[in-house]
Amino acid sequence: MAHEMPDTTTHADPSKDSPADMTDDAVGYYTPGEPIVDTKAPEGPIANRWQDRKFEARLVNPSNRRKLSVIIVGTGLAGASAAATLGEAGYNVKSFCYQDSPRRAHSIAAQGGINAAKNYKEDGDSVHRLFYDTVKGGDYRSRESNVYRLAEVSTNIIDQCVAQGVPFAREYGGLLDNRSFGGVQVSRTFYARGQTGQQLLIGAYQALERQVAAGTVETFTRHEMLELIVVGEGEGRRARGIIARDMVTGAVETHLADVVVLASGGYGNVFYLSTNAMGCNVTAVWRAHRKGAYMANPCYTQIHPTCIPVSGAHQSKLTLMSESLRNDGRIWVPKNEADCDKDPREIPEEDRDYYLERIYPSFGNLVPRDIASRAAKNVCDEGRGVGPKVEGVRRGVYLDFAAAIERLGRDGIEEKYDNLLDMYERITGENPYEVPMRIYPAVHYVMGGAWVDYDLMSTIPGLFVTGEANFSDHGANRLGASALMQGLADGYFVLPHTIRDYLADGPFEKIDESHPAVVEARATVEQRINHFLNVKGTRSVDSYHRELGNIMWEYCGMERTEDGLKKAIDLIRTLKDDFWRNVKVLGTNESLNQSLERAGRVADFIELGELMCIDALNRRESCGGHFRAESQTEDNEALRHDDLFAYVAAWEFAGDGEPPILHKEELTYTAIEMKQRSYK
């Protein structure tokens with residue numbers, strides 16, 4: 001139930017630096033809406049809330065489960081684990097992915113590890129400390145109840161994965177090993193070398209395939225969701241299925257169910273250049289958004305500090321280097337600009353600036369990702385970047401393992417990181433055991449996504465959203481190794497408990513392909529496909545995507561300003577108009593047509609990009625990964641304004657050409673105090 005927080009709730013004091021006459025930069029770009037509340041959020045002591053919610057959620061008996069059907073879009077950690085768990089519970093599950101196998105979901109690319117509050121190192125970790133670190137790391141812009149649940153559930157995930165045979169690294173005595181990640185001072189990250197995502201996904205995939213063999217799960221590979229089917233009006237509306245395109249044959253298919261789950265990942269590819277797989281997109285969530293699912297905090301983008309730098313305009317993707325490298329690698333740049341083109345091995349120690357260790361002595365190289373990324377940008381902007389010049393600027397800093405090799409020996413570093421360092425050498429042609437690695441920040445993860453309540457249900461009843469596809473538990477910045485934690489927590493341990501409360505009202509009214517809502521959804525998809533094939537324009541889809549990415553990186557990337565965001569919105573609107581009139585899509589629909597696939601995805605990215613800029617324009621503060629140049633401290637750190645912006649921004653689609661509607665969900669804290677972040 002929605003409720004007023006007790007008097008013990010603590011709020012941060014209004015920032016003394018908040019201008020009293022702070023005008024709304026986004027006036028005219030959006031329409032104010034009614035506040036939104038999470039009606040499923042439980043009351044009582046924070047440590048009891050998840051247990052209470054699980055008990056209050058209604059049950060579905062085994063015989064009734066066999067009568068209920070679930071569609072799950074996405075087969076990454078969140079989607080595969082949910083499908084496996086719901087299938088084992090006895091529901092009829094349809095699982096969709098656009099890859100040729102569920103095993104190719106982008107979760108496979110995660111490298112460094114997964115967090116869990118096991119305290120195996122006896123270094124002071126606990127559920128409450130993981131909760132605190134996550135809220136602080138997210139710059140106090142996440143929900144308190146959700147984050148505590150995530151920390152609480154994390155301890156179960158490791159046991160589940162070990163039982164599945166996930167080969168986590170172990171110490172000499174056979175116990176599971178841990179390492180540290182950015183933003184924390186304890187070792188709580190479980191890992192499988194630099195392949196943690198791959199190994200966890202194989203575990204979830206095996207559980208999924210077990211249910212496929214048992215007949216409870218049916219998989220649809222090479223299928224892309226292109227529309228959500230919503231039946232009914234007002235309070236009676238429900239998500240009841242999807243329209244999907246068989247990407248091999250072009251066939252447009254209708255799939256109906258009692259409930260729909262989106263686990264389709266993040267939208268970092270709106271920037272064109274990112275660490276995401278080339279196929280990652282926002283279409284599933286964006287089609288739901290246009291049908292009434294609110295998008296929350298879309299401007300919250302995570303820039304990962306340890307990626308291989310851009311080498312030229314020819315690139316279409318960037319490569320991640322695991323944050324775990326910051327455990328042993330030291331980050332530095334030359335103190336003098338004149339040394340930037342020298343061989344780094346020739347630069348003496350006294351002429352090196354280990355800037356993270358200098359600015360943030362308590363955390364050093366383990367500061368959170370947003371802080372490490374901005375610090376790297378700052379030293380490069382000063383002219384002290386390293387590596388070859390790209391468009392006249394050196395965009396790189398050194399990640400140096402020399403001291404670690406001296407301390408642990410080359411064998412010790414190989415044991416921890418060999419596949420990562422080998423990948424770096426294959427891409428760059430440089431041996432990181434002999435020459436310091438060069439890294440630079442790149443778009444990696446998004447904290448925004450579909451708004452969901454405590455039960456993970458969106459503003460469309462019957463539409464649940466999990467993993468990176470929802471606006472998540474991470475606030476304005478995600479700590480390293482928490483993405484895998486959230487995806488598996490949602491799929492294995494949260495959604496199976498909360499979805500049953502909704503399905504207890506089922507089975508719902510049977511509908512078929514003749515239902516008006518189904519006919520309308522299918523017609524929308526077919527009209528869209530026909531439009532792309534018949535425009536016969538002069539510009540390729542990729543050229544539009546690259547231009548959109550350049551706009552987003554320049555004006556809505558690592559640093560945002562009022563003027564830049566307004567310029568970006570104008571540029572995106574002009575780009576959108578030209579796209580629909582002048583895009584060139586080759587081929588037909590009746591076959592494998594990647595140009596057609598990309599056209600639909602880029603169309604949605606363009607609309608999303610505009611909303612991201614409007615959201616960033618409205619949020620006139622700096623917090624986590626969202627850095628407004630107008631809102632910073634004297635030493636260039638992010639400056640929040642809790643009196644004005646301690647809320648989740650939930651955006652409602654108001655129709656084509658209409659300004660979006662902003663609904664605010666107030667953030668309150670009962671178990672933690674909001675204060676200015678410090679890692680010094």
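Sequence positions are assigned chain by chain, starting from 1 and proceeding in written order. At least 70 in pLDDT is required for a residue's local features to be given in this predicted model, at least 80 for side-chain atom pairs to be given and counted, and no such filter applies to totals for whole chains, interfaces and linings, which use all residues. Only hydrogens and water are set aside; all other atoms, that is, all heavy atoms of the structure, feed into the side-chain values.

## Considering the sheet that holds strand 17 (residues 397-400)
So, step 1. Strand order in the open sheet formed by five strands is 12-18-17-13-14, with antiparallel pairing between adjacent strands. Strand pairing shows two members of the sheet lacking a second neighbour, strand 12 (301-307) and strand 14 (352-353), which therefore form its edges.
So, step 2. Pairing geometry for strand 13 (residues 330-334) and strand 17, over three bridges, is antiparallel. Residue Ile331 lies in a different strand from strand 17, and its bridge partner there is Leu399.
So, step 3. Only heavy atoms enter the contact rule, under which two residues are in contact if any of them lie within 4.5 Å. Angles run from 0 to 180 degrees between N-to-C directions of axes, and those axes are lines fitted to C-alpha atoms, restricted for helices to the stretch in contact. Each helix corresponds to a stretch of at least 4 residues labelled H or I by DSSP, and each strand to a stretch of at least 2 residues labelled E; elements are numbered beginning at the N terminus. Helix 9 (residues 369-384) rests against strand 12, strand 13, strand 14, strand 17 and strand 18 (437-446) of the sheet, and its axis sits at about 65 degrees to strand 12. A strand pair is defined by DSSP finding two or more bridges across the two strands.

## Quick word on the nonpolar core
So, step 1. The term nonpolar core refers to a set of buried residues drawn from Ala, Val, Leu, Ile, Met, Phe, Trp, Tyr and Cys, joined through side-chain atoms within 4.5 Å. Buried residues are those whose accessible area, probed at 1.4 Å on protein chains only, stays under 20% of the maximum for their type, while exposed residues exceed 50% and partly exposed ones sit between those limits. Counting 159 residues, the largest nonpolar core has Ile114, Leu228, Leu262, Leu463 and Leu503 as its most contacted members.
So, step 2. Examining the composition of this core, we find that 13 residues originate from one element, helix 15 (residues 594-618), more than from any other.
So, step 3. Start and end points for every domain follow an automatic or database-based domain assignment. The residues that make up this core include at least three from each of domain 1 (61-301 + 447-503) and domain 3 (520-666).
So, step 4. Discounting chain neighbours no more than four positions away, the residues touching Leu503 are Val60, Leu68, Val70, Tyr91, Asp258, Val259 and Phe508.
So, step 5. Counting 30 residues, the second-largest nonpolar core is a separate cluster that includes Ile308, Val367, Tyr433 and Tyr440.

## A look at empty space enclosed by the protein
So, step 1. For cavity detection a 1 Å grid was placed over the protein atoms alone, and a set of points counts as a cavity when a 1.4 Å probe fits there but cannot get out; an open set counts as a pocket when protein lies on both sides within 12 Å along at least five of seven lines, with lining residues being those that have an atom within 4 Å of a point. Grid points are joined across faces, edges and corners, and a volume is the space filled by probe spheres set on the points. Counted under the stated rule, the structure contains four cavities of 30 Å³ or more.
So, step 2. Considering only enclosed or pocket space, the largest cavity measures out at about 170 Å³ in volume.
So, step 3. For the largest cavity, the lining is made up of 16 residues, of which Leu226, Arg528, Ile529, Leu596 and Gly600 are closest to its centre.
So, step 4. Broken down by secondary-structure element, the contributors of at least two residues to the lining of the largest cavity are strand 7 (223-231), helix 7 (283-290), helix 12 (516-534) and helix 15.
So, step 5. Tallied by class, the residues present in the lining of the largest cavity amount to five nonpolar, three polar and eight charged.
So, step 6. Taken together, domain 1 (61-301 + 447-503) and domain 3 (520-666) each give at least three residues to the lining of the largest cavity, which thus spans both.
So, step 7. If you add up the space inside the second largest cavity, you get close to 40 Å³.
So, step 8. Residue lining of the second largest cavity: Thr301, Ile303, Asp370, Ser373, Arg374, Met558 and Gly625, and that is the complete set.
So, step 9. Of all the elements in the fold, those that place two or more residues in the lining of the second largest cavity are strand 12 and helix 9.
So, step 10. A per-element tally of the lining of the second largest cavity places helix 9 first, with three residues.
So, step 11. For this classification, the nonpolar set comprises Ala, Val, Leu, Ile, Met, Phe, Trp, Tyr, Cys and Pro, the charged set comprises Asp, Glu, Lys and Arg, and every other residue, Gly included, is treated as polar. Looking at the lining of the second largest cavity residue by residue, the class counts come to two nonpolar, three polar and two charged.

Everything listed here is a matter of coordinates, which is why it stays silent on function.
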